[in-house]
Structure formats: C-alpha cells, structure tokens
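# A structural walkthrough
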Amino acid sequence: MSGGHNGIREHLRRESTVRRVQAWAETAAKLDVDLVSRLARTRRKPVVYIAGPFSGEDTIDVKQNILNAEKLAREVVRLGAVPLTPHSIGASFQGIGTYDYWCIATLELLRRADAVLFTEDWSRSKGACGEWEDASKADMPMFFVGENGLNELRDWLDIVRV
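Just so it is clear, the structure is predicted and the values come from calculations on it, not from any experiment.

## What to know about the nonpolar core
Tyr49, Leu110, Val116, Phe118, Trp122 and Met142 are the most contacted members of the largest nonpolar core, which has 17 residues in total. The element best represented in this core is helix α5 (residues 126-137), accounting for four residues. In this structure, leucine 110 is in contact with Tyr49, Val116, Glu131, Asp134, Ala135 and Met140, ignoring residues within four places of it in sequence. Counting 15 residues, the second-largest nonpolar core is a separate cluster that includes Ile50, Ala81, Val145 and Leu157.

Okay, here's the thing in structure tokens:
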C-alpha cells in the first residue's frame, strides 16, 4: 500500500479514536455497568484480543511478529486479563488453511473478545486493519501500543474487572 493510503488510514483511525473517546465519555457509566454485570454473571475475566501483523517477508519476520504479539500477551496477563493471541494459534498451524480462512477465523475470535490491543505496527497489516474495522463497527474498546495503550487498557480493566 502506498504511503498516501497509510496517511489516510492513520488520519481516519485518529479521527475515529477521538469520536470513540467522546462516545465512551458520554456513555461510560452504562457501558461499564453492562460489561461489569456480564462479567460478574459469568464469573470470567475480560478477554483482550491482540491485533497486529503476522505475515512477513520471510520466516524471521513472522517469528518476530509472533514474539511481539506474545510480549503484549504477557503484559495483558500482568494486568489481570486473558489475552487472545491469534499469532500463537497461527504459529501452530502454519501451512494449514488459506489466508482467507485465517482472516475469517481471526475475525471470529475477535468478536468473542471484550477489547482489542493493537501492536505498535498494526497499520502495516491488512489483517489487523480488517480487525480494526470489525472492532470499530462493534464499538469494542480499542487500545493502541505506542499511544499510551497499555496504560489506557489498565485503566479500563480497573473499571470492568470483577
């Protein structure tokens, strides 16, 4: 994708983030009460989906992308939530299933999460951009590493934690 498309995507993402934060501020009490209530009823911890690039130019890139996602997953555990890391799942199934299959499968996993944590380089991934679109449509809480995302995730978890 050309630099122009990335610039447009970044602008739209930032604009959407501002709108989402404003919407959260207006409806935070209701959303938090609903999520806390649901988590309390089911006695489960919040699930945080890790979104970022998996594919790369070679196996070294792929392994680095998996390591980056798993590093974030460990941070999610330290924050007291359950990480859902499709990179770790994909690493076990390399060579099985088409790219389209994995795009559909990871979007299904995303829909079962409570929030999304995006890697710092997420916007270079076609799959992660699709995950951003899906999470945006579903009004899922989204946090971005490199933009104070881990601190914001921690604050959000403090609100919704059972």
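Anyway, onward from the coordinates.
## Section: the pairing of strand β1 (residues 47-51)
Extensive coverage of β1 is indicated by the burial of five of its five residues. Alternating residues of β1 divide into Val47, Tyr49 and Ala51 and Val48 and Ile50, and every residue in both groups is buried. Sheet topology places β1 next to strand β2 (residues 82-84); three bridges connect them, and they run parallel. Bridge pairing links tyrosine 49 to leucine 84 in β2. Bridge count between β1 and strand β3 (residues 115-118): four bridges; the pairing is parallel.

## What to know about the pairing of β3
Because side chains alternate across β3, one face comprises the buried residues Ala115 and Leu117, and the other comprises Val116 and Phe118, equally buried. Both β3 and strand β4 (residues 142-144) contribute to a ladder of three bridges, which runs parallel. Paired with leucine 117 across the two strands is phenylalanine 143, which belongs to β4. In the classification by handedness, the crossover that spans β3, the intervening α5 and the parallel β4 is right-handed.

Criteria and cut-off values
Residues numbered from 1 in each chain as written. Predicted model: local features only at pLDDT ≥ 70, side-chain atom pairs only at ≥ 80, totals over all residues. Heavy atoms only, no water. Core = buried A, V, L, I, M, F, W, Y, C linked by side-chain atoms within 4.5 Å. Buried < 20%, exposed > 50% of the residue type's maximum accessible area, 1.4 Å probe, protein only. Helix = DSSP H or I, 4+ residues; strand = E, 2+ residues; numbered from the N terminus. Contact = heavy atoms within 4.5 Å. Pairing = 2+ DSSP bridges. Right-handed = clockwise from strand over helix to strand, strands pointing away.

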